[in-house]
Amino acid sequence: MSVIAVYNIKGGVGKTATAVNLAYLSARQTGKTLLVDMDPQASASFYFRVCPQQNFGAKKLLKGGRHIEENIKGTDYSGLYMLPADFSYRNIDLALDERKESHMRLHKVLAPLMAEYEYIILDCPPNLTLLSENILYAADYVLMPLIPTTLSLRSLDQLYAFLDKIGLGHDNLLLFFSMVEKRKKMHAEIMLSLRERFRVLQTTIPYSADIERMGVYRQPVAAALPASTAAAAYASLWREIQENL
Amino acid sequence: MDHPGRDMLLPDLLPTEKLLAALAAEFGLDAAPECEASVVYADSFDWRLYRKGYLLHCHGSYWSLCHGDSGEAATQPDGPKLQTSCFAGDFPPGELRKLLEPILGGRCLLPLAEVNLHSRQISLLNRDKKAIAAIEIRQSADRERRTLLLRRVRGYEGEHEVIRRILAENGVTESVLPLTSFEDACRAKGRSPLDYSQKFTLELDGDEAAREAMIRIYQALLDTITLNMPGALADYDPEFLHDIRVAIRRARSGLIFAKRVLPDSVSLSRMFRRLGAITGPTRDLDVYLLAQDDHVKRLSSCLRPGLQEFFAELSRKRQVEQKKMARMLGSRKTEALFSAWQQALKRHDRQTADLSDLPIRELADRIILKRYKRVMRGGRNLDATTPDTETHRLRLQCKKLRYAIELFGSLYPKQELKIVTRQLRKLQDILGSFNDLSVQQEMLRQSVITLAAESPQKLDQAAALGGLLQSLFQEQEALRGRFARAFARFGNQKTVMLFHKLFRKRGR
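**Q** Outline helix H7 (residues 238–253) of chain B, listing residues and values.
**A** Residue and element names in this part refer to chain B. With 16 residues, H7 should cover 22 Å at 1.5 Å per step; its first-to-last C-alpha distance of 23 Å lies within 8% of that length. For H7, the tally of buried residues reaches twelve of 16 residues, placing the bulk of the element in the interior. Residues of H7 that are buried include every one of Glu239, Phe240, Leu241, Asp243, Ile244, Arg245, Val246, Ala247, Ile248, Arg250, Ala251 and Ser253, and no others. A side-chain oxygen of the first residue of H7 lies 2.9 Å from the backbone nitrogen of Glu239; this N-cap is Asp237.

Below, the structure is given as structure tokens:
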């Protein structure tokens, strides 16, 4: 019964691929799992071919209760459910701002679901807004994919500063390297220097055409190509995360 | 794909293709190739799932649990492969395991029936090619009966309504149990549902002659031992051996007047002693190992690895003992004892004895009352200062009384018997726990002595055993203080009167 947010301020770092594959592995290996797509681009929903109902949107999400229950959908995989995203989530900060205790709203919305699911995994949009603050409060653990580049380092510093500002510690932050290209010397160098400064998980997710092709076959890579290097990397990442929870 | 569903009967006159065409008009169909499957039904030896209304079956590593009233309860696509046996703990974490664990406890699952069938799985897709439900059409190998299982995916209620309408239009409305051939399939394996229970269920007639009734009782106990023997020898789970030992104890508890009912009972008594001695060491180790989780929890985390190491060694010792026991149980000498027992019970020209023709109800009264008086005598002075040996003796007397009540239970009114049994059980619980703690401490003390002699590297284990000894000692001391109150409850006027009312001497 933990909430894991897959989050980074920066976009294009492999958040959705990570959330989708870890949710699949969690349902398969651990138990009933809910994947919540928080990103208005709805990429995770697209991967699972799940659409929200017509009358569902940001306001209903923040109301919680039966509005959420009614919109949770089963995926093609046993034990894996998802709450799909709606395009109206692009205005979610405005909707949040209208509510009392706006930074804790998501936590309150997810709390009643905790008893039903072993894990709730949040696929988060890339930004640093009121919604991000909600996500950081709601999550028991924040899983952050980092591409080994200088910009990633900058986004990590920004996140640490933000966590300090809102009074949350760094203990529940789990970092791992994503989209790693072995042949790039710079990747190896930045990984080494970041590992010296921060606690980073040992597993790395390689840059892989198999992961990119998830959009074509619309399945987690761990389900479509279970023997692939990418699937093995996600399996190893899930193992290591569980050891660290 | 795990929303509960129910098997429905397909009408004989409805071609499968016609139903699929009707569904294809509304949904995309994604059909897996038709397959012939051998479905294995699994349950514990004593039908724990069946008693609760469940049927569990597997095809390879795909498991499905159905409830007779509410339909499909849970599925598990990558469960264990059922070769000879498996436990609830062998399933990956999930809904199915959560349902199985409390029902099965420490009992294993065994393949109890096998059914061959043809199966077709078809996913129903919406416009996004997302599966919103799946149907499975199963046909028994003799092609006599076709059933359809609808598995609904959560969140697509509108589409499910359309599917239900199409099924109803085609006459698919009647819910049925997954396979009526289940009972036939059980019979093919020599079993029938509920043919075994851990309780002693023999029905006696109070006016039956004691000799005939005792022969039936001993035959039933011999059957229990024989039924459990293959499981105990193969070591499927510890309950097989436990049931054998209970049957032996029950048999021994009935021997109190045996010589005056069955003159051949001297040899029976010798046999029970031998069986008890052969099975004792393995059962003792089972009891220690079953307490493992409780014992580990008593210790701080730094002492736990040492204790786990100790239990790993205990488990290895148990394997050795179990093999030794299996060898002795399978030996010619034991076989000869069993066949002698069988022969003795079948022999018609048995000598008569003075109580042979007494109605069994009177004999039962005498046995139970005698056992009861022994408990009352032993317990009268029970308090916190009673020596452990006395407490142990009283515990054995209580056990014998309980077994005697179980043997002859069918002769007495159920409700009143329940009251006396409940009071007795409460006393037994305290005495039993006290004795377990005492035996476990002694075993640990002996182990510490052996460890010290073995190697100084086993300090971790010795420290853990020390911690555990202290914890067990404290619990035992706390129990000591509860003796007097527990016995006072058992020996109160109401229970005493009930005992005498139920088991008093009748007009002879």
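**Q** Summarise the packing of aromatic side chains; cite the residues concerned and give the values.
**A** Where two aromatic rings form a pair, the distance of their centres and the angle of their planes describe that pair. All names here are of chain A. One pass over the full model with this rule turns up 22 aromatic pairs over all chains. Pairing Phe48 with Tyr77 gives two aromatic rings, centres 6.0 Å apart and planes at 70°, and the pair type is edge-to-face. One end of the pair, Phe48, is in the loop between helix H2 (43–47) and helix H3 (58–63); the other, Tyr77, is in the loop between strand E3 (73–74) and strand E4 (80–83), with 29 residues separating them in the sequence. A residue is classified by how much of its surface remains accessible, and Phe48, at 5% relative accessible area, is buried.

**Q** Give me the nonpolar core: which residues, what numbers.
**A** The biggest cluster of nonpolar side chains holds 105 residues, and the ones touching the most others in it are Tyr218, Trp341, Phe408 and Phe490 of chain B. For Phe490 of chain B, the contacting residues outside a window of four places in its chain are Tyr372, Val375, Met376, Leu401, Gln423, Leu424, Leu427, Thr495 and Phe499 of chain B. Grouped together as the second largest cluster of nonpolar side chains are 59 residues, Leu25 and Tyr119 of chain A together with Met8 and Ile122 of chain B included.

**Q** A description of a positive patch on the surface should follow, citing residues and the corresponding values.
**A** Residues and elements named next belong to chain B. A contiguous patch of positive charge, built from Arg51, Lys199, Lys414, Lys418, Arg422, Arg425, Lys426, Arg482, Arg485 and Arg489, is present on the exposed surface. Only helix H14 (414–454) and helix H16 (483–490) provide two or more residues apiece to the positive patch. If you tally residues by element for the positive patch, the top one is H14, at five residues. Relative to the helices and strands, Arg485 resides in helix H16.

**Q** So what about the sheet that holds strand E7 (residues 173–180) of chain A? Which residues, and what values?
**A** Residues and elements named next belong to chain A. Ordered by their spatial adjacency, eight strands build an open sheet running E3-E4-E2-E5-E1-E6-E7-E8, and the pairing between neighbours is mixed. Of all the strands in the sheet, just E3 and strand E8 (200–206) have a single pairing partner and so form its edges. Of the pairings in the sheet, the one linking E3 to E4 comprises two bridges and is antiparallel in character. Among the inter-strand pairings, Gly74 is bridged to a residue of E4, identified as Tyr81. In the packing of helix H1 (residues 15–29) onto the sheet, the strands contacted are strand E1 (2–6), strand E2 (33–37), E4, strand E5 (119–123), strand E6 (141–146) and E7, and the crossing angle to E5 comes to about 165°.

**Q** Can you tell me about the confidence of the model for chain B, naming the residues and giving the values?
**A** Residue and element names in this part refer to chain B. When the pLDDT values of chain B are averaged, the result is 87; 93% of them are 70 or greater. Within chain B, strand E6 (residues 71–76) has the poorest average pLDDT of any element, 74, and helix H2 (residues 48–51) the best, 94. Both confidence scores are given for the complex: pTM 0.71, ipTM 0.84.

Thresholds, definitions, all that
- Residues numbered from 1 in each chain as written.
- Chains lettered and ligands numbered in written order.
- Predicted model: local features only at pLDDT ≥ 70, side-chain atom pairs only at ≥ 80, totals over all residues.
- Heavy atoms only, no water.
- Helix = DSSP H or I, 4+ residues; strand = E, 2+ residues; numbered from the N terminus.
- Expected span 1.5 Å × (residues − 1).
- Buried < 20%, exposed > 50% of the residue type's maximum accessible area, 1.4 Å probe, protein only.
- Polar contact = N/O pair within 3.5 Å; in protein donor to acceptor, adjacent residues only side chain to side chain.
- Phe/Tyr/Trp six-rings, centres within 6.5 Å; stacked < 30°, edge-to-face > 60°.
- Core = buried A, V, L, I, M, F, W, Y, C linked by side-chain atoms within 4.5 Å.
- Contact = heavy atoms within 4.5 Å.
- Patch = residues over 30% accessible without salt bridge, like charges linked within 9 Å, V, L, I, M, F, W, Y side chains within 5 Å.
- Areas by Shrake-Rupley, 256 points an atom, 1.4 Å probe, with all protein chains shown as cover.
- Salt bridge = Lys/Arg side-chain N within 4 Å of Asp/Glu carboxyl O.
- Lys, Arg positive; Asp, Glu negative; His and termini not counted.
- Charge placed at Lys NZ, Arg CZ, Asp CG, Glu CD.
- Pairing = 2+ DSSP bridges.
- Axes fitted to C-alpha atoms, helices over the stretch in contact; angles between N-to-C directions.
- pLDDT = per-residue confidence, 0-100.

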